[in-house]
Amino acid sequence: DVKVTQSSRYLVKRTGEKVFLECVQDMDHENMFWYRQDPGLGLRLIYFSYDVKMKEKGDIPEGYSVSREKKERFSLILESASTNQTSMYLCASSTGGALRETQYFGPGTRLLVL
Amino acid sequence: TQLLEQSPQFLSIQEGENLTVYCNSSSVFSSLQWYRQEPGEGPVLLVTVVTGGEVKKLKRLTFQFGDARKDSSLHITAAQPGDTGLYLCAGAGNTPLVFGKGTRLSVIA
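Residues numbered from 1 in each chain as written. Chains lettered and ligands numbered in written order. Predicted model: local features only at pLDDT ≥ 70, side-chain atom pairs only at ≥ 80, totals over all residues. Heavy atoms only, no water.

**What to know about the overall build of chain B**
Assigned secondary structure in chain B consists of zero helices and 11 strands. Starting at the N terminus and walking to the C terminus, you meet the elements of chain B as β-β-β-β-β-β-β-β-β-β-β. For chain B, whose C-alpha radius of gyration is 13 Å, the value lies close to the compact-globule estimate of 13 Å for 109 residues. Taken over the C-alpha atoms alone, chain B extends approximately 40 × 30 × 20 Å along its principal axes. Per-residue burial over chain B gives 46% buried out of 109 residues. Within chain B, counting contacts between residues at least 6 apart in sequence, those at least 24 apart form 54% of the total. For chain B, the accessible surface area stands at approximately 5200 Å², while carbon and sulfur atoms represent 50% of it. (Helix = DSSP H or I, 4+ residues; strand = E, 2+ residues; numbered from the N terminus. Rg over C-alpha atoms; globule rule 2.2 N^0.38 Å. Buried < 20%, exposed > 50% of the residue type's maximum accessible area, 1.4 Å probe, protein only. Contact = heavy atoms within 4.5 Å. Areas by Shrake-Rupley, 256 points an atom, 1.4 Å probe, with all protein chains shown as cover.)

**Section: the interface of chain A and chain B**
The partner chain B presents 21 residues to the 19 residues of chain A that form the contact. Summed over both partners, the interface of chain A with chain B comes to about 1500 Å²; 55% of that surface belongs to carbon and sulfur atoms. Per-residue buried area on chain A facing chain B is highest for A:Leu43, A:Arg100 and A:Phe105; these three make up 33% of the total on that side. For the pair chain A and chain B, the interface holds one salt bridge. The closest approach of N and O atoms between A:Arg9 and B:Glu41, which form a salt bridge, is 3.8 Å. Among the elements that take part in the side of chain A that touches chain B, strand β5 (residues 42-49) of chain A stands out by supplying four residues, more than any other. Residues belonging to the side of chain A that touches chain B are distributed by class as follows: 10 nonpolar, six polar and three charged. (Buried area = accessible area lost by both parts, 1.4 Å probe. Salt bridge = Lys/Arg side-chain N within 4 Å of Asp/Glu carboxyl O. Nonpolar A, V, L, I, M, F, W, Y, C, P; charged D, E, K, R; others polar.)

**Remarks on the pattern of salt bridges**
Residues and elements named next belong to chain A. As enumerated under the stated definition, the model contains 11 salt bridges over all chains in all. Put simply, Asp28 and Lys71 hold a salt bridge, and the shortest N to O gap is 3.1 Å. Within this pair, whereas Asp28 is found in the loop between β3 (19-25) and β4 (31-38), its partner Lys71 is found in the loop between β7 (64-70) and β8 (73-78), the two being separated by 43 residues in sequence. Lys71 sits in the partly exposed class, given a relative accessible area of 27%.

**Concerning the layout of surface pockets**
Its volume calculated, the largest pocket comes out at about 600 Å³. Along its surface, the largest pocket is lined by 26 residues, and A:Asp59, B:Gln2, B:Leu3, B:Val98 and B:Phe99 are the ones closest to its centre. Broken down by secondary-structure element, the contributors of at least two residues to the lining of the largest pocket are β5 of chain A together with β1 (5-7) and β10 (98-99) of chain B. Among the elements that line the lining of the largest pocket, the one with the most residues is β5(A), at five residues. The residue makeup of the lining of the largest pocket, split by class, is 12 nonpolar, nine polar and five charged. Put simply, the second largest pocket is a space of about 440 Å³. In this structure, the second largest pocket is lined by 22 residues; those nearest its centre are A:Gln37, A:Asp38, A:Pro39, B:Leu86 and B:Arg104. When residues of the lining of the second largest pocket are traced back to their parent elements, those giving at least two are β4 and β9 (87-94) of chain A together with β9 (85-92) of chain B. Of the residues assigned to the lining of the second largest pocket, the class counts are six nonpolar, 10 polar and six charged. (1 Å grid on protein atoms, 1.4 Å probe; cavity = no way out; pocket = protein on both sides within 12 Å on 5 of 7 lines; lining within 4 Å. Points joined across faces, edges and corners; volume = space filled by probe spheres on them.)

**Focus on the pairing of β7(A)**
Residues and elements named next belong to chain A. Across five bridges, the pairing between β7 and β8 is antiparallel. Among the inter-strand pairings, Tyr64 is bridged to a residue of β8, identified as Leu78. In textbook terms, the turn of a hairpin is the stretch between consecutive antiparallel strands, and for β7 and β8 this stretch comprises two residues. (Pairing = 2+ DSSP bridges.)

**Topic: the state of the cysteines**
Working definition: the covalent bond between the sulfur atoms of two cysteines is a disulfide. Within this structure, the stated rule accounts for two disulfides over all chains. Between the sulfur atoms of A:Cys23 and its disulfide partner A:Cys91 the distance amounts to 1.9 Å. Handedness of the A:Cys23-A:Cys91 disulfide follows from its S-S torsion of about -75 degrees: it is left-handed. Taken together, the positions of A:Cys23 in strand β3 and A:Cys91 in strand β9 put the pair 68 residues apart, joining distant regions of the chain. Relative accessible area serves as the criterion here: at 0%, A:Cys23 is assigned to the buried category. A disulfide bridge connects B:Cys23 with B:Cys89, and the sulfur atoms are separated by 2.0 Å. Between B:Cys23 and B:Cys89 the sulfur-sulfur dihedral comes to about 80 degrees; the bridge is accordingly right-handed. Remark: B:Cys89 occurs in strand β9 and B:Cys23 occurs in strand β3 (residues 19-24); sequence separation between them is 66 residues. (Disulfide = S-S within 2.5 Å.)

Structure representation (structure tokens):
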């Protein structure tokens, strides 16, 4: 059974803190993605990676960075958390060289920045 | 920029009713995926339609891909409370998947 896990289901942080969100997949997938999901705005792509140490900006990369040191792990970093980064963060992975393949999502991390 | 418009945004119906959700774009996609997201979970793939005009059935759910591969619909027959959730369409091409904003369905017993 395919599995994408995220390090925390709920997280509360203070403005200005550095925040790490971890995602691990056990399917040997090449592609990994980070989204944020907000009411009325849908899923918005922050960053994605198609290989170890490779990263590409999505639609809303500002205020975020990512790290992919191992194939199975993709980390999202909020360098200095702000209240407008309060959101649900979803990680996903997919197989193959094409980005059109089915995405398998983790359960999400609900982040609250105070 | 490719966009997918989903309608309606919200839908609240009684158990046993039928409903249709629409996913429209001005762009052509190589395939169209439908996901369902339940509260507190990530989206899960329901189906992928690939060929223009294709119709796929998944029990009481019928998915159709438009002839021009720009639009898709999801029809649910005799909705049940277990169908409650957020339905997302996603267009596939040469870029990462393009997601619609979703239709939030509530089926009341």
